[in-house]
Each structure stands twice: as C-alpha cells, then as structure tokens.
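Spelled out, the chains give:
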Amino acid sequence: MKKAVVLGSILCGEQRLSYELVQKPVKNINIHVRADGMIIVSANRCVPISEVERVLWEKSEFLLHALEQLKKKQALAPPPHQYADGEHFRIFGRLLTLQTAAAPQVSVFPDEKTLLLSSPQPLPYEQRRYCISQLLNQECTSAFQKAIQEAAVLLADRPIPSAVNLRIRRMTSRWGSCIPAKKIITLSTRLLETPWPCIQAVALHEYVHFLHADHSAAFYSELERAMPDYRQRTRPLRALPYSFFYNE
Ligand SMILES: [Zn+2]
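What counts as what
Residues numbered from 1 in each chain as written. Predicted model: local features only at pLDDT ≥ 70, side-chain atom pairs only at ≥ 80, totals over all residues. Helix = DSSP H or I, 4+ residues; strand = E, 2+ residues; numbered from the N terminus. Pairing = 2+ DSSP bridges. Axes fitted to C-alpha atoms, helices over the stretch in contact; angles between N-to-C directions. Contact = placed C-beta atoms within 7 Å. Domains from an automatic or database assignment. Nonpolar A, V, L, I, M, F, W, Y, C, P; charged D, E, K, R; others polar. Core = buried A, V, L, I, M, F, W, Y, C linked by C-beta atoms within 7 Å. Buried ≥ 20, exposed ≤ 12 C-beta atoms within 10 Å, placed from the backbone.

A. Summary view of unusual backbone geometry. A positive phi angle is found at Y83, which is not glycine, with a value near 60°. Mapped onto the fold, Y83 is located in the loop between α2 (60-76) and β5 (88-91).

B. The sheet that holds strand β9 (residues 165-169), seen in detail. Pairing is mixed in the open sheet, where three strands are placed in the order β9-β11-β10. Both edges of this open sheet fall to β9 and β10 (176-179), since each of them pairs with a single strand only. Strand-to-strand twist of the sheet, defined as the mean angle between neighbouring strand axes without regard to direction, takes the value 20°. Both β10 and strand β11 (residues 184-188) contribute to a ladder of four bridges, which runs antiparallel. Within β11, the residue paired with I179 across the bridge is I184. Along the sheet face, helix α3 (residues 125-154) touches β9 and β11 and points at about 140° away from the line of β9. Relative to the sheet, helix α4 (residues 196-208) contacts β10 and β11, its axis offset from that of β10 by approximately 25°.

C. The arrangement of the domain arrangement of the chain in detail. Looking at the chain, the domain boundaries give domain 1 (4-76), domain 2 (88-134) and domain 3 (140-244). Here domain 2 and domain 3 have C-alpha centroids that lie 29 Å from each other. Taken together, the contact pairs four residues of domain 2 with five residues of domain 3. Taken together, the residues that form the side of domain 2 that touches domain 3 break down as two nonpolar, one polar and one charged.

D. Region of the structure containing the nonpolar core. V202, A203, L204 and Y207 are the most contacted members of the largest nonpolar core, which has 34 residues in total. Elements supplying a minimum of two residues to this core: β5, β6 (94-102), β8 (114-119), α3, β11 and α4. Both domain 2 (88-134) and domain 3 (140-244) contribute no fewer than three residues apiece to this core. Sequence-distant contacts of Y207, defined by excluding residues within four places in its chain, comprise A151, A152, L155, I160 and I185.

The structure is reproduced here in structure tokens:
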C-alpha cells in the first residue's frame, strides 16, 4: 500500500508545532522529532486527522521539551564554515587549522596540523569551499576504500562478496550501513573525522553484515574473530559530542 504525507500544525499556547503525518499501514500513532526539528507522525490511513492532532496535543509538553533540547544541541555545533584562515577541520581524529597562502597554482594540502590552501590570488568563498570539499571528498574516498579492502582481507576465508559497492553519504545517526542483497556498504562522511582504527572497525562491522544481517551473538563473534580489539576501537565513537564534527 502506498504512503501518503500530510503536512499540518497545531497551536500549543504561543507556539505553533508543525508536523508531517505519514499515512501508512501501522497499528499505532507513532511520533518522533527529526534532527531538523520537524515532528514526524505515522498513523494508519483510517485514523482521522483530528485524532492525530489530539494525540499530538496530549504530548505537546514532551514535544516542546524535545524541540528545546534540539535547539541546545544545535547551539553547541560549530558555526558554519567561511573557509577562512584559522578555521578547523578534522581528518583521522587530527584537528587541522586552515591556512591560506600564495602560490603559482591552486592546491589544498593536509599535513599534521594544517590544511594549506594555496592559490595565486585570494580565492572567493565559493572557490574556497569547493577546494576544501573536494579534498575532504577525496580523503573519504581513499580512506574508506582502503578500509573496505582491508576488511575483505580480514574476512578472506569467509563467504563474502568479491566486489562491494562503496557509497559515501553524510549520515548523522549512524556511521555506516550495509545492504547485503545489493552488495552495498555506505559509510558516513563523519567517519573521516575519527581515528583510522575506528574507520577500520566500522568498515569491518559493515562487511561482517554480509555474513550476518543482524547484530546477533554470531555477528559479534565473527567480528571479534577478525578484529579482537573491535570493542576497544569503537568505544570512542559512542561518546562523541555533537560539537565534535568540524568538516560539515
Ligand atoms: Zn550493524
């Protein structure tokens, strides 16, 4: 059965709460607040809008609190990049400071502590942004491909696919995903900001999903057989603050 999306809003005191209602074959009325602050409701098509709004109104205190928390979280995030001198980026867990310099050719070069953007003349914002984004994309591609290849080597004696399609996306609620049937592994651009051992561990985690689709005991035993310190490596990933990410 097809899904239908209805947009609406309810008034709670002074505040108008906008919601997106997804009508699909579900049993209950489900409500959650998306990262962009939109309230997402799913309900069966036979539930009247008035009933959906009554439930929303009943939960308005909870929703207002959740939206307030979201605002606080967003306030902690670094301000948007201007791609100017002194701004920070992060690759493999290392904080890099952007430095612009004059040089005959346009180039971006990351070293231990700096991200050196060279050009004959100072570049406008759009071009600075383009150069840095290109570099970060290239870094993601080469690091993630390497991690995926290494994971395949660790699982070489297991029935894994010989070729995998790697996708790179900005994902904020997880580090990676795997669609075994399509041989697709997706890794989050955010992973580039974490240390290399974390990237290796996440790549392997996704690869092991070709053997076990779920997170069963068998899945973890396969994972730890290939990478005994898997849990140690991924521990830092569980406690990263929202303000950790610099590249986006
Ligand atoms: Zn998983």
